[in-house]
Amino acid sequence: MENQNHLLRQLPKVDEMMRILQDEIHPQPYLICKRVVQQTITRWRERILAGEIACVDREAIQQDIRRQMQKETAFHLKKVINATGIVLHTNLGRANLSEQAAAYMAEIATGYTNLEYDLETGARGSRYAHVEDLLTALTGAEAALVVNNNAAAVLLVLDTLTKGKEVIVSRGELVEIGGAFRVPAIMERSGCKMVEVGTTNKTHAEDYRSAINEQTGAILKVHTSNYRVIGFTSQVSLQALWEMGCEKDIPVIYDLGSGMLTAIEEMGSVDEPLIQQCVPYADILCFSGDKLLGGPQAGIIVGRKEAIGRMKKNHLLRALRIDKFTLAGLEYTLRQYLGNAAADKDIPILQMLKQSPQMLAQKWCMLTSLLHGQNDLRWEKIEVVSQVGGGSLPDVVLPSVALGISSATYSASQLEEMLRQNCTPIIARIHQACVLLDMRTIDLREIPVIADCLNRIG
Ligand SMILES: *Cc1c(COP(=O)(O)O)cnc(C)c1O
């Protein structure tokens, strides 16, 4: 106790530390500096009281402050290198935009725009008009509307078309999708009454048919992209639901989740639907902007003009609206699709998904050629399988190449952490005793950064 009091008395005062570190601290915001110094001294005080400290080392305290200052003054949201091979990694921000799309967003962000101004008439215009024609041209739908994300799209669609009515949905499609989007929860929020039909593995046309009554507001189909019941299963096709809807005069809503505008042969024969092929069989369809479309985060709604017209008048739209930067990125991405053949080359996630084995091997060689081999890292070429991610089927097989690294000094989890703590964090996965860097999601420009980080381990 006596000793602890003695140590506590030796702790520097906040003002004193601020004075000592003045030159280093000066360029930083004063409030952050003061808080860091206070917190550091408080932490030392706690450690003294906990009996963890035998002597007060002022140099160590200063080092603590410097380290913490560095953390606090660095940007929190920053670029990372995705070496997981998961192309649409929800935690790492899903789809990357192309340089050109980003440059266009920057141009729109740094000046005034005609966001809600009609240049023809000089009067108020609609922010939704900028992409509607592009979306109808690309999908073949009569009308289109964009909101903040696909969860918002589903909410707006149900709130507008089915509030207070019954919505029929298959039990096999009541899914939860990345980031806790739950179909039943969003249905409840929209004020419609969910009527579940069928069972988890089997739902028949007759199940839907017998649930239809005067209260029915819509039939909802959800693309369960991220899971699949295998074996003894059956779901009713969109086309069959559409025919039933026509016969009974009930709208069909299809939540495509991801959806694609262009087929990706490399993904094999997966049942990820092409948006334009579904449009004829649903009144309303919605999908994400930042999944397989490869654009910015957005929820895209396409379908019947009358129904979309009602959504445009729904006050909820104001709360779900898309911002101008996103609109710029989305318009740019959609125009990349219009120049069809170029979409594969220009849209980063399509590029990654369609990468040739030669390209993957070449990146591996490029990376290993930059490793100087002066530390005890061991590396090898490992055949792996990348995942599409973003709620897409987990069983899509995309063969890829990874750099597997291991070391005599560090465990795989220590190596993984060192990569993650890099100035530009490198996110990798561990497989057995190796850390795997999957070449698929690594950009050519990131290779020297990775090599530099690996060369510094030692
Ligand atoms: C991903 C997904 C959503 C949610 O989309 P966000 O753009 O993430 O809001 C909704 N429904 C389905 C079927 C999905 O796959």
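Everything that follows concerns the structure shown earlier in this document.
Attention here is on the structure that accompanies the text. What you see is a predicted model, and the numbers here were worked out from it, not measured in a lab.

### Examining the packing of helix α8 (residues 150-162) against helix α13 (residues 305-313)
Consideration 1: Their axes nearest at 9 Å, the elements α8 and α13 cross at an angle of 105°. Accordingly, the angle class assigned to the pair α8 and α13 is roughly perpendicular. Every residue of α13 that contacts α8 at Leu 156, Val 157, Thr 160 and Leu 161 is listed here: Ala 307, Arg 310 and Met 311.
Consideration 2: Here the residues of the contact of α8 with α13 sort into five nonpolar, one polar and one charged.

### Topic: the pattern of salt bridges
Consideration 1: A complete count under the given rule lists 28 salt bridges for this structure.
Consideration 2: A salt bridge links Glu 52 to Arg 47; its shortest N-O distance comes to 3.8 Å.
Consideration 3: A relative accessible area of 55% means that Glu 52 is categorised as exposed.
Consideration 4: A relative accessible area of 31% places Arg 47 in the partly exposed class.
Consideration 5: Close ionic contact of Glu 331 with Arg 335 constitutes a salt bridge, the shortest N to O distance being 2.9 Å.

### Focus: the site of the ligand
Consideration 1: As a structural note, the neighbourhood of the ligand is formed by 13 residues, with Arg 94, Ala 151, Asp 255, Ser 288 and Lys 291 the closest of them.
Consideration 2: In the environment of the ligand, an oxygen atom lies 3.0 Å from a nitrogen or oxygen atom belonging to the backbone of Asn 150.
Consideration 3: Considering the ligand on its own, with 380 Å² of exposed area, one finds that the protein chains cover 96% of that surface.
Consideration 4: Of the residues in the shell around the ligand, the class split is four nonpolar, six polar and three charged.

### Comments concerning the sheet that holds strand β11 (residues 284-288)
Consideration 1: Taken in spatial order, the seven strands line up as β4-β12-β11-β10-β9-β5-β8 in an open sheet, and their pairing is mixed. The strands lining the two open edges of the sheet, one partner per strand, are β4 (143-147) and β8 (193-197). Averaged over all pairs of adjacent strands, the angle between strand axes in this sheet comes to 20°, irrespective of strand direction.
Consideration 2: Examined bridge by bridge, β4 and strand β12 (residues 299-303) share five bridges and lie antiparallel to one another.

### Topic: the sheet that holds strand β13 (residues 377-386)
Sheet strands associate in pairs through backbone hydrogen bonding, adopting either a parallel or an antiparallel arrangement.
Consideration 1: Spatially, the four strands line up as an open sheet ordered β13-β14-β17-β16, and their pairing is antiparallel. The open sheet has two edge strands, β13 and β16 (429-431), and neither has a second partner. For this sheet, the mean angle separating the axes of adjacent strands, direction not counted, is 40°.
Consideration 2: As paired elements, β16 and strand β17 (residues 434-438) share three bridges and run antiparallel to each other.

### Points about the side chain of Arg 440
Consideration 1: Looking at the element boundaries, Arg 440 is found in the loop between β17 and α20 (447-456).
Consideration 2: Despite its burial, Arg 440 pairs with no opposite charge; the closest candidate is Asp 438, at 5.1 Å N-O.
Consideration 3: One polar contact links the side chain of Arg 440 to the main-chain carbonyl oxygen of Met 352, over a distance of 2.7 Å.

### A few points about the environment of Arg 440
Consideration 1: Exposure remark for Arg 440: the relative accessible area of 3% places this residue in the buried category.
Consideration 2: Residues Arg 440 and Ser 386, 54 residues apart in the sequence, show an inter-C-alpha distance of 7.3 Å.
Consideration 3: For Arg 440, the side chain forms a polar contact with the main-chain oxygen of Pro 399, separated by 2.9 Å.

### Section: the packing of aromatic side chains
Consideration 1: Enumeration according to the criterion identifies one aromatic pair in this entry.
Consideration 2: Centre to centre, the rings of Tyr 104 and Tyr 332 are 5.8 Å apart; their planes meet at 40°, and the pair counts as tilted. On the criterion of sequence distance, the pair formed by Tyr 104 in helix α6 (residues 99-109) and Tyr 332 in helix α15 (residues 324-338) is long-range, its members being 228 residues apart.
Consideration 3: The class for Tyr 104 is partly exposed, based on a relative accessible area of 25%.
Consideration 4: The class for Tyr 332 is partly exposed, based on a relative accessible area of 27%.
Consideration 5: Over the face of the ring belonging to Trp 44 we find Arg 47, whose NZ or CZ atom lies 5.1 Å from the ring centre.
Consideration 6: Residue placement shows Lys 381 over the ring face of Trp 364; its charged tip is 5.3 Å from the ring centre.

### Points about the environment of Arg 321
Consideration 1: Counting through the fold element by element, Arg 321 comes out in the loop between α14 (316-319) and α15.
Consideration 2: In the structure, Arg 321 is positioned 84 residues away from Ile 405 in sequence and 45 Å away in space, judged by C-alpha atoms.
Consideration 3: Contacts of Arg 321, omitting those with residues within four sequence positions, involve Glu 116, Arg 127, Tyr 128 and Asn 148.

### Observations concerning the side chain of Ser 400
Consideration 1: Examined against the element boundaries, Ser 400 turns out to sit in strand β14 (residues 398-407).
Consideration 2: Overall, Ser 400 belongs to the buried group, its relative accessible area being 3%.

Conventions used here
Residues numbered from 1 in each chain as written. Predicted model: local features only at pLDDT ≥ 70, side-chain atom pairs only at ≥ 80, totals over all residues. Heavy atoms only, no water. Axes fitted to C-alpha atoms, helices over the stretch in contact; angles between N-to-C directions. Helix = DSSP H or I, 4+ residues; strand = E, 2+ residues; numbered from the N terminus. Parallel < 35°, antiparallel > 145°, perpendicular 65-115°, else oblique. Contact = heavy atoms within 4.5 Å. Nonpolar A, V, L, I, M, F, W, Y, C, P; charged D, E, K, R; others polar. Salt bridge = Lys/Arg side-chain N within 4 Å of Asp/Glu carboxyl O. Buried < 20%, exposed > 50% of the residue type's maximum accessible area, 1.4 Å probe, protein only. Near = heavy atom within 4 Å. Polar contact = N/O pair within 3.5 Å; in protein donor to acceptor, adjacent residues only side chain to side chain. Areas by Shrake-Rupley, 256 points an atom, 1.4 Å probe, with all protein chains shown as cover. Pairing = 2+ DSSP bridges. Lys, Arg positive; Asp, Glu negative; His and termini not counted. Phe/Tyr/Trp six-rings, centres within 6.5 Å; stacked < 30°, edge-to-face > 60°. Lys NZ or Arg CZ within 6 Å of the ring centre and 35° of its normal.

Distances and angles like these do not, on their own, reveal function.
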